[in-house]
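# Breakdown of the fold
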Amino acid sequence: MGSKEGLTRPVMVRVLDCSPADAARTAAVSAKLAVECEDPSLYSVTERCLEDLTRDNTDVLVLDLETIGGESALEPFAVRCPSTVIIAVSAQGSVSRAVNAMRSGAHDFLTKPFSLDALASKISFQLDQRKPNLSIRSEKTHLTKSASLEATDASTPSAARKAGALDQLIGKSLPMQAVYDQIVRMAPSQAPVFITGESGTGKELCANALHKLSDRNKQRIVTINCAAIPRDLIESEIFGYVRGAFTGATENRTGAAEQADGGTLFLDEIGEMDLMLQSKLLRFLQTGTFQRLGDTKSVKVDARIICATNRNPLAEVSAGRFREDLYYRLHVLPILLPPLRERRDDIMDLAQIFLQRFSSEERRGFKGFDADAEVSLLAYNWPGNVRQLENTIRQIVVMNEGQSVTIDMLPMLIRDPSGRTTSVIDLSRERAKSQPTIRPFGTIEPLWAQERRIIEDTLVAFDGNIAMAAAALEISPSTIYRKKQSWLERSC
Ligand SMILES: Nc1ncnc2c1ncn2[C@@H]1O[C@H](COP(=O)(O)OP(=O)(O)OP(=O)(O)O)[C@@H](O)[C@H]1O
């Protein structure tokens, strides 16, 4: 078996098929490829395969759709190994199945039974597109570094950490190690990165690490939070405007896209962007050019796009709130940040580092947590994720003295075992029950006022943190911003 020019290590092929005979037959494709292959790994159980994808290097993954539960179950595979060639196979081939499989992350599709030559040719075509990636050195294999990674001297998560690019991200759990690996692999690329994850899971930190590890790090990363800016101002924030474009535009202003020229444009909470602006962003992605508001000239900009959302982007597409074509333009390199409750191994590491940081900032002598406090921190569900843990530890440090954090220093919400599963909404309902609002008999509180009370209660419970309150209420932060604005307007 010869080695193709440009490939510097054996290719790793994995096959997932609940029929061991089919899996073995498919795996024989490795003998037909014009590249050197390691012994293929065969799986009949989805979970085992997913585990190995998180841990080890994978170049080619052949997935039987009946085994994984259909094409909609493909996404976790694509998310875990964004640079792997994924070929979906199925005994029930149809055009719509093939299209759906490719939309969910497969690179190609074959109907069973297929010839090994057909499979080999599809794999070879895809591998040819990825030659540079195949020379990336992974921690577990011995490969040659790619030129761009050498430039930042951060071709592995541990090298990236040594170089300081991952310093802000704390957590050694397996899901976070997989995230670090994705960051390191995706950073040198020019393709857009799409980060998803609940509020407070570290999406902004992740975007900053991607920028720091890229060869664009000499230029700026410019962040626009689409939820925090009123909708009618987002366009001018991103694309800028010229004097006279609207009332109050007294001078020309460059937008975030121009400021990010040569660097990175990070569009946080992109799910909040309205459909008209989504079209303009799509045109910018397609052409690299845009017009400032009120201008007729086009501006050309070279900015790498990273975007993030705490919504489910595919559900937003289905609901018609997010353009499908924009989704596929942006969703090239996906990163999914796991919620804290799914990586409990990280809770005490994070808590300890926050405790040290805030003790030193606030001149307190805290050194650690006693056993009961630790048990409560570990048992709590953390709906506001790392941000909630960080705020909780800061609050404890500010409000208490001592060497060890004890259970009575924890907020009631976390310390009360019966409250561990109690949501903030439940708490505000309890509060409403115990302190009924006194209103004249027969009057009914208007809906907006009731809504305002619930939102304000939740904000109090989360120390005014809008993102966390929004997550607990299962609404978007922009809804809270807009409601606050409307209450202000009512009181004027
Ligand atoms: N892995 C982590 N290590 C250390 N700090 C973290 C980590 N993840 C998040 N944080 C901290 O939690 C807070 C929220 O992080 P960040 O803003 O990146 O989250 P996010 O997912 O972008 O939130 P949102 O969706 O609300 O914008 C920040 O103060 C950040 O420093």
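Before reading further, recall that the structure is shown in the block above.
A brief report on the enclosed structure follows. Counting of residues starts from 1 at the beginning of each chain's written sequence and follows it residue by residue. Given that this is a predicted model, residues contribute local features only at a pLDDT of at least 70 and side-chain atom pairs are listed and counted only at 80 or more, while totals for whole chains, interfaces and linings are drawn from all residues.

### Considering the packing of helix 10 (residues 174-186) against helix 11 (residues 203-212)
For clarity, the cut-off: For helices, the axis comes from a line fit to the C-alpha atoms of the stretch in contact; other axes are also lines fit to C-alpha atoms, and the angle between any two N-to-C directions lies between 0 and 180 degrees. A run of H or I in DSSP becomes a helix once it reaches four residues, and a run of E becomes a strand once it reaches two; helices and strands are each numbered from the N terminus. Roughly parallel here means an angle under 35 degrees, roughly antiparallel means over 145, roughly perpendicular means 65 to 115, and every remaining angle is called oblique. Helix crossings fall into two classes, left-handed where the near helix is turned counterclockwise from the far one by less than a right angle and right-handed where it is turned clockwise. Contact between two residues is assigned whenever their backbone-derived C-beta positions fall within 7 Å. Only Asp, Glu, Lys and Arg are considered charged, only Ala, Val, Leu, Ile, Met, Phe, Trp, Tyr, Cys and Pro nonpolar, and every remaining residue, Gly among them, polar.
Between helix 10 and helix 11, the least distance of the axes is 8 Å, while the angle of their chain directions is 40°. Judged on the interaxial angle alone, helix 11 and helix 10 are oblique. Between helix 10 and helix 11 lies a crossing of right-handed hand. In contact with Val-179, Ile-183 and Met-186 of helix 10, helix 11 contributes Cys-206, Ala-209 and Leu-210. A class-by-class count of the residues in the contact of helix 10 with helix 11 yields 6 nonpolar, no polar and no charged.

### Things to note about the sheet that holds strand 4 (residues 85-90)
Here is the rule: Criterion used throughout: strands pair if DSSP finds at least two bridges between them.
Reading across from one edge, 2-1-3-4-5 is the order of the 5 strands in this open sheet, with parallel pairing throughout. The sheet is open, and its two borders are formed by strand 2 (41-43) and strand 5 (108-111), each paired with just one other strand. Taken pair by pair, the neighbouring strands of this sheet meet at an average axis angle of 15°, ignoring direction. Of the pairings in the sheet, the one linking strand 4 to strand 5 comprises 4 bridges and is parallel in character. Each residue of the ladder has a partner; that of Val-89, found in strand 5, is Leu-110. Sheet strands touched by helix 2 (residues 46-55): strand 1 (13-16) and strand 2. Its angle to strand 1, the strand with the most contacts, is close to 160°.

### So, the environment of Lys-203
Note the threshold: The burial criterion counts other C-beta atoms lying within 10 Å of a residue's C-beta, which is placed from the backbone; the residue is buried at 20 or more, exposed at 12 or fewer, and partly exposed between these limits.
Take Lys-203: it is sitting in helix 11. On the basis of neighbour counts, which here come to 23 C-beta atoms within 10 Å, the residue Lys-203 falls in the buried class. Once you skip the residues sitting within four places of it in the chain, Lys-203 turns out to touch Ile-195, Gly-197, Ala-308 and Leu-337.

### Considerations on the site of the ligand
Cut-off, in case you're wondering: To decide whether a residue is near a molecule or strand, its C-beta atom is placed from the backbone and checked for lying within 6 Å of it. Marked domain ranges trace back to an automatic or database domain assignment.
In the vicinity of the ligand, 19 residues are found, and the nearest of them are Gly-202, Lys-203, Glu-204, Val-386 and Ala-467. At the level of secondary structure, the elements contributing two or more residues to the shell around the ligand comprise helix 11 and helix 19 (385-399). In terms of residue class, the shell around the ligand is made up of 6 nonpolar, 8 polar and 5 charged. Here the shell around the ligand gathers at least three residues from each of two domains, domain 2 (153-336) and domain 3 (340-419).

### A closer look at unusual backbone geometry
Of the consecutive residues Lys-112 and Pro-113, the connecting peptide bond is found in the cis state with omega at -10°. Of note, the phi angle at Glu-269 is positive, near 55°, even though the residue is not glycine. Among the secondary structure elements, Glu-269 is positioned in the loop between strand 8 (264-268) and helix 14 (275-287). Here the phi dihedral of Asn-385 falls at roughly 55°; this positive angle occurs in a residue that is not glycine. Topologically, Asn-385 is positioned in helix 19.

### Things to note about the sheet that holds strand 6 (residues 193-196)
Taken in spatial order, the 5 strands make up an open sheet running 7-8-11-6-12, and their pairing is parallel. Bordering the open sheet on either side are strand 7 (221-225) and strand 12 (333-336), each of which pairs with just one other strand. Neighbour to neighbour, the strand axes of the sheet diverge by 15° on average, direction disregarded. Pairing between strand 7 and strand 8: 5 bridges, direction parallel. Bridging from a neighbouring strand, Val-222 pairs with Leu-265 of strand 8.

### Side note on helix 12 (residues 231-239)
Condition: To be clear, the arc concerns the directions from the helix axis to the C-beta atoms.
Here helix 12 has its buried residues at Ile-234, Glu-235, Ile-238 and Phe-239. One side of helix 12 carries all its buried residues, which in axial view fall inside an arc of 95°. For helix 12, the exposed residues lying more than 90 degrees away from the buried face are Asp-232 and Leu-233. Elements that come into contact with the buried residues of helix 12 comprise strand 7, helix 13 (256-259), helix 14 and strand 9 (289-290). Count one or two residues on from helix 12 and you reach Gly-240, which has phi positive near 80°.

### Notes on the nonpolar core
Applicable threshold: Defined on buried residues, the nonpolar core groups Ala, Val, Leu, Ile, Met, Phe, Trp, Tyr and Cys residues joined through C-beta atoms within 7 Å.
Ile-183, Ile-195, Cys-206, Leu-210, Ala-257 and Leu-265 are the most contacted members of the largest nonpolar core, which totals 49 residues. For this core, the leading source of residues is helix 10, giving 7 residues. Cys-206 has contacts with Val-179, Ile-183, Ile-195, Ile-335 and Leu-337, leaving out every residue within four places of it along the chain. Residues Cys-49, Leu-53, Val-62 and Leu-127 belong to the second largest nonpolar core, which totals 33 residues.

### Considering the environment of Trp-382
Relative to the helices and strands, Trp-382 is located in the loop between helix 18 (371-379) and helix 19. Taking the C-beta count within 10 Å as the criterion, Trp-382 has 22 such neighbours and is therefore assigned buried. Separated by 43 residues in sequence, Trp-382 and Pro-339 have C-alpha atoms that sit 8.4 Å apart. Ignoring anything within four residues of it in the chain, the contact list for Trp-382 reads Leu-340, Arg-341, Gln-388 and Leu-389.

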